[in-house]
Amino acid sequence: MFTSSTKYYPSVKRLFDFLLSLLAILVICSWLFPLIAIVIRLNSPGPIFYRQQRWGKGNRPFWCLKFRTIYIEAPRLTNIGVFLRRSRWDKLPLLFNVLRGELSIVGPRPHTYSMHDQAMKMEKNHYKLSVKPGITGWAQVNGFRGESAIPELWCARVKHDLWYIENQHFLLDIKIVMLTIRNILLGSDTSFPHT
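Before going further, it helps to spend a moment on helix α2 (residues 79-87). Restricting attention to buried positions, one finds in α2 the residues I80, G81, L84 and S87. Buried positions in α2, seen along its axis, are confined to an arc of 140° and lie on one side of it. Set apart from the buried face of α2 by more than 90 degrees, the exposed residues are N79 and R86. The elements touched by buried residues of α2 are α1 (9-43), β2 (61-67) and α7 (170-186). Of the residues one or two after α2, R88 is the one with positive phi, at around 70°.

This is the structure we're talking about:
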């Protein structure tokens, strides 16, 4: 059903991305965004949002939009930043990236601009650039979240991303969304360690 090999899958996936992100913005973010913005501003001086450059489909860079979780004057988490990252609410602004067509709800995790060269050196990782990256994905729900310079962990993430690319279909996307929601509600932190 709507596998990546069918001509309808890209259209169905894009419609799914657009409708789900628009619904989430209208129903949840319309009232949650102002509350988070106020708390961020009261907690520390600086901008409410944080932009980070990532690599997307076709090897094109784009700017990810997130809530700011660190102090401007020092690279450490703010009090509210700890909660936002643990709850993953810091990623809610990425829904606007989905609306713009830069991200998908489900797909390989886009690597950071600073990690691009390292990522390109890893076997087959360039294949990730043939599809649109996602807010969540098969690697994330299987325990590979966050950045790491450990080659074994990078390889494991790439392996999961490639498996998704080769096996993607609409029901798998739904499954990954449901697993992501479950992990958020249970508060499970499956990210691998930073180095």
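Here the narrative resumes.
Attention now goes to the nonpolar core. In summary, soluble globular proteins display a tendency toward joint burial of nonpolar side chains. With 34 residues, the main nonpolar core has F67, L92 and Y164 as its most contacted residues. Among the elements of the structure, α1, β2, α2, α3 (94-99), β3 (104-106), α5 (138-141), α6 (151-167) and α7 are those that each provide at least two residues to this core. Here this core gets 10 residues from one element, more than from any other, and that element is α1. The residues contacting L92, other than those within four sequence positions of it, are C29, L32, F33, I36 and F67.

Both strand β1 (residues 49-55) and β2 contribute to a ladder of seven bridges, which runs antiparallel. Counterpart to W55 in the pairing with β2 is P61. The antiparallel pairing of β1 with β2 creates a hairpin that spans five residues between the two strands, and G58 there sits at a positive phi of about 75°.

For the structure shown, the criterion picks out three salt bridges. Here K91 and D90 are joined by a salt bridge, their closest N and O atoms 3.9 Å apart. In this structure, the salt-bridge partner of R100 is E102, at a minimum N-O distance of 3.1 Å.

A few words now on the packing of aromatic side chains. One pair of aromatic rings is described through two measures. These are the centre distance and the angle between the planes. What the rule picks out here adds up to six aromatic pairs. Centroid distance F33 to F96: 5.9 Å. Interplanar angle 65°. Geometry classified as edge-to-face. Here F96 lies in helix α3 and F33 lies in helix α1, a separation of 63 residues in the sequence. Look at F33 and you get buried, because its relative accessible area is 12%. Judged by centre distance (5.3 Å) and plane angle (85°), the rings of F83 and W89 are edge-to-face. We classify F83 as partly exposed; its relative accessible area is 42%. Taking relative accessible area as the criterion, W89 reaches 31% and is therefore assigned partly exposed. Among the aromatic residues, those joined into a ring-pair cluster are F33, F49, F67 and F96. Across from the ring centre of W63, 4.3 Å away, lies the NZ or CZ of R51, which sits over that ring.

At a closest axis distance of 10 Å, the pairing of α1 and α7 adopts a crossing angle of 25°. When the axes of α1 and α7 are compared, the pair comes out roughly parallel. Pair α1 / α7 crosses with right-handed handedness. Here Y9, V12, K13 and F16 of α1 come into contact with α7, specifically with F170, D173, I174 and V177. In terms of residue class, the contact of α1 with α7 is built from six nonpolar, no polar and two charged.

Definitions and cut-offs
- Residues numbered from 1 in each chain as written.
- Predicted model: local features only at pLDDT ≥ 70, side-chain atom pairs only at ≥ 80, totals over all residues.
- Heavy atoms only, no water.
- Buried < 20%, exposed > 50% of the residue type's maximum accessible area, 1.4 Å probe, protein only.
- Helix = DSSP H or I, 4+ residues; strand = E, 2+ residues; numbered from the N terminus.
- Arc of directions from axis to C-beta.
- Contact = heavy atoms within 4.5 Å.
- Core = buried A, V, L, I, M, F, W, Y, C linked by side-chain atoms within 4.5 Å.
- Pairing = 2+ DSSP bridges.
- Salt bridge = Lys/Arg side-chain N within 4 Å of Asp/Glu carboxyl O.
- Phe/Tyr/Trp six-rings, centres within 6.5 Å; stacked < 30°, edge-to-face > 60°.
- Lys NZ or Arg CZ within 6 Å of the ring centre and 35° of its normal.
- Axes fitted to C-alpha atoms, helices over the stretch in contact; angles between N-to-C directions.
- Parallel < 35°, antiparallel > 145°, perpendicular 65-115°, else oblique.
- Left-handed = near helix turned anticlockwise from the far one by under 90°.
- Nonpolar A, V, L, I, M, F, W, Y, C, P; charged D, E, K, R; others polar.

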